[in-house]
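The chain contents come next:
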Amino acid sequence: MDRDRQSLLALVQNALEKSGPDALPDFDGLARSLELPPSEVYGLATFYAFLGEKSRGRHTIRVCSGLPCHMEEARSVLTRLEKVLGIEAGQTTPDGRFTLEVVSCIGACDQAPAMLVNDELHGRLTTRKIARVLKSYT
Amino acid sequence: MRPAGAQGRLMTTIDLTIDGQAVSAPPGATILTAAESLGIHIPTLCHAPELTPTGVCRVCLVEVEGARTLVAACHTPVAPGMVVRTQTPRVVKARKAVVELLLTAHTGACVTDLNAHNCLLHKLASDLEVGPPRFQVRKPRFYPPESDNPYVCRDLSKCILCRRCVRACREVAKQDVFSIGFRGFASKVVVGRDEPLTLEVCKDCGVCIDFCPTGALYAPARPAEKG
C-alpha cells in the first residue's frame, strides 16, 4: 500500500474541517491530487461515521451502538431520542436543530449507554438525563 | 510461486509440517501454496493466484500449533518449524460457519437461477455440507440489479464482498474502478461516489467478471449492439 493511501484519512479529515458545515469538500479533487480513484476516497468517507456527508443540523447527536452500550439499553436511549425529536436515526429535525445518528463504538464504554452531541460526551444516559441534555443545546 | 527468481541462489527454504507431512517451501510462500505443493487441498473463495492475498473471506482457515486463533492459509506466510493442520474438527466447524455467515448476506434467486452452479459460494456450501441455514436474517441484503453498462452487469445482492473485483480491476486490468464503501452490513462495492457502472468509468475488459466468484458481476445475456 502506498504512502498516498496512508495519508488519505488525515487529508479527508482536514478537508472536512476546512469546508465548513454545509459545503462538501472536493473529494474528487483530493482523489486526483493523490492519484487515487474517487471510489477510494468515497469508500473511506462512508466508512467513518464522523466523515459523513449528509446534510446536518446545528447539533449532531451520535448514539453509540457498541456492545457495552447495547447491553446497557442503548436501544431505548435511541427510541427515546427518536420520540422526543420526532425523527428517526439518520434524519435531521425540521427546525434544523438536531441530526440524529447511530454510530459504532465512541470509546466511552465505561459510561454506557453513551452518546456524543457534537464533540461533547454524555454518559450513563437515562430518560430524564436525555431531556436535560437536549435542553442545553439550542 | 510468489518469490522472485532474482533471489536465486541465496534463497533458503523453510521447513514446516502440514497434516503430518514435512514440506520445504521458499521464503514468502504461504501456507496455501505450501499445502498445494503437497497436494493438500484447502478451500478458498476470496483468493486468486493472480491477486494479492488479503484473507478477507476466512474460508481457508487452518490450525497452526501455538497460534491463538485459526489463521487464513491464503495470506499467512510459512515460518520455520510451523505445524499446520488443515482438516481438524475445529477447522471444519469454523469453515462451515464462515460459509453459513457468507450465505446470509448472499441474497438472490440462486435456487431458481440457472447459473447457480457457477456460484463458488454454493459449491463451497455443498462441498462442506453446510446444510440448511441456521442464522436468521432479519433484513435481507437486497440491491436492485444494475445494467447500465453493455458489458458488465452487477447484482450486488449476490456480492459477498470478497474484493476480488476490486483487486482484479486494480491489479490485472490496471483500472481501479471499484472500492469498498460504507460499513458493516451496509458495506458494498462502490464505483466513484456510489454511482452506476457506466461506460464512462468502465470499458469492456470484463476482467472483474472472470474473478467474481458468485455471479454478482456478469456479462449481459446478449452482446451489446453497436450504434
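Residues numbered from 1 in each chain as written. Chains lettered and ligands numbered in written order. Predicted model: local features only at pLDDT ≥ 70, side-chain atom pairs only at ≥ 80, totals over all residues.

**Q** Provide a residue-level description of helix α4 (residues 164-172) of chain B, including the pertinent values.
**A** Residues and elements named next belong to chain B. If you check which residues of α4 are buried, you get Arg-164, Cys-165, Val-166, Arg-167, Ala-168 and Cys-169. Of the surrounding secondary structure, the elements contacted by the buried residues of α4 are β7 (178-181), β8 (188-191), α5 (207-211) and β9 (217-218). Positive backbone phi, at 55°, marks Lys-174, one or two positions downstream of α4. (Buried ≥ 20, exposed ≤ 12 C-beta atoms within 10 Å, placed from the backbone. Helix = DSSP H or I, 4+ residues; strand = E, 2+ residues; numbered from the N terminus. Contact = placed C-beta atoms within 7 Å.)

**Q** Requested: an account of the environment of Pro80(B), with residues and values cited.
**A** All names here are of chain B. Position of Pro-80 relative to the elements: it lies in the loop between β4 (71-72) and β5 (83-85). Owing to 10 C-beta atoms within 10 Å, Pro-80 belongs among the exposed residues under this scheme. Beyond its immediate sequence surroundings of up to four residues, Pro-80 is in contact with Ile-14, Asp-15 and Leu-16.

**Q** Tell me what's going on with unusual backbone geometry, and back it up with residues and numbers.
**A** Cis geometry is found at the peptide bond from Ala112(A) to Pro113(A), where omega equals -10°. In this structure, Pro113(A) sits in the loop between β2 (98-103) and β3 (115-117). In the Ramachandran plot, Arg58(B) falls in the positive-phi region, its phi being about 65° despite a non-glycine side chain. Note that Arg58(B) resides in the loop between α1 (31-37) and β3 (61-64).

**Q** If you had to explain the domain arrangement of chain A to someone new, which residues and values would you point to?
**A** Each assigned domain of chain A is listed here: domain 1 (3-50) and domain 2 (59-135). Averaged C-alpha coordinates put domain 1 of chain A and domain 2 of chain A at centres separated by 26 Å. (Domains from an automatic or database assignment.)

**Q** Could you give me a rundown of the sheet that holds β2(A), with the residues and numbers involved?
**A** All names here are of chain A. Read across the sheet, four strands follow the order β2-β1-β3-β4 without closing on themselves; strand pairing throughout is mixed. Only two strands of the sheet have a single partner each, and these edge strands are β2 and β4 (120-122). Sheet twist, expressed as the average angle between the axes of neighbouring strands with direction ignored, equals 25°. Sheet topology note: the strand β1 (residues 59-64)/β3 ladder contains three bridges and is antiparallel. Note that in β3 the partner of Ile-61 across the bridge is Val-117. Sitting on the sheet, helix α6 (residues 74-85) is in contact with β1, β2 and β3, with an inclination near 150° to β1. (Pairing = 2+ DSSP bridges. Axes fitted to C-alpha atoms, helices over the stretch in contact; angles between N-to-C directions.)

**Q** An account of the domain arrangement of chain B is needed here, citing residue identities and associated values.
**A** Residues and elements named next belong to chain B. As far as domains go, chain B holds domain 1 (12-87) and domain 2 (98-218). Put simply, the middle of domain 1 and the middle of domain 2, counted by C-alpha atoms, are 26 Å apart. Contacts between domain 1 and domain 2 engage 13 residues on the former and 16 residues on the latter.

**Q** Before we move on, could you go through the packing of helix α3 (residues 27-34) of chain A against helix α4 (residues 38-47) of chain A and cite the residues and values that matter?
**A** Residues and elements named next belong to chain A. For the pair α3 and α4, interaxial distance at closest approach is 8 Å and the crossing angle is 125°. One element, α3, and the other, α4, form an angle in the oblique class. The chirality of how α3 crosses α4 is right-handed. Seen from α3, the contacting residues are Phe-27, Asp-28, Leu-30 and Ala-31; seen from α4, they are Pro-38, Glu-40, Val-41, Tyr-42 and Ala-45. Tallied by class, residues from the contact of α3 with α4 come to seven nonpolar, no polar and two charged. (Parallel < 35°, antiparallel > 145°, perpendicular 65-115°, else oblique. Left-handed = near helix turned anticlockwise from the far one by under 90°. Nonpolar A, V, L, I, M, F, W, Y, C, P; charged D, E, K, R; others polar.)

**Q** Can you explain the pairing of strand β1 (residues 14-18) of chain B? Please cite residues and give values.
**A** Residues and elements named next belong to chain B. Pairing analysis gives five bridges linking β1 to strand β2 (residues 21-25), with the strands arranged antiparallel. Among the inter-strand pairings, Thr-17 is bridged to a residue of β2, identified as Ala-22. As consecutive antiparallel partners, β1 and β2 are separated by two residues, and within that stretch Asp-19 has a phi angle of approximately 50°, a positive value. When β1 meets β5, the two strands line up parallel, connected through two bridges. Bridged to Ile-18 within β5 is Val-84.

**Q** Explain the pairing of β1(A) residue by residue, including any values.
**A** Residues and elements named next belong to chain A. The buried fraction of β1 amounts to five of the six residues, a majority that puts the element mostly inside the structure. As paired elements, β1 and β2 share six bridges and run parallel to each other. Counterpart to Ile-61 in the pairing with β2 is Leu-100.

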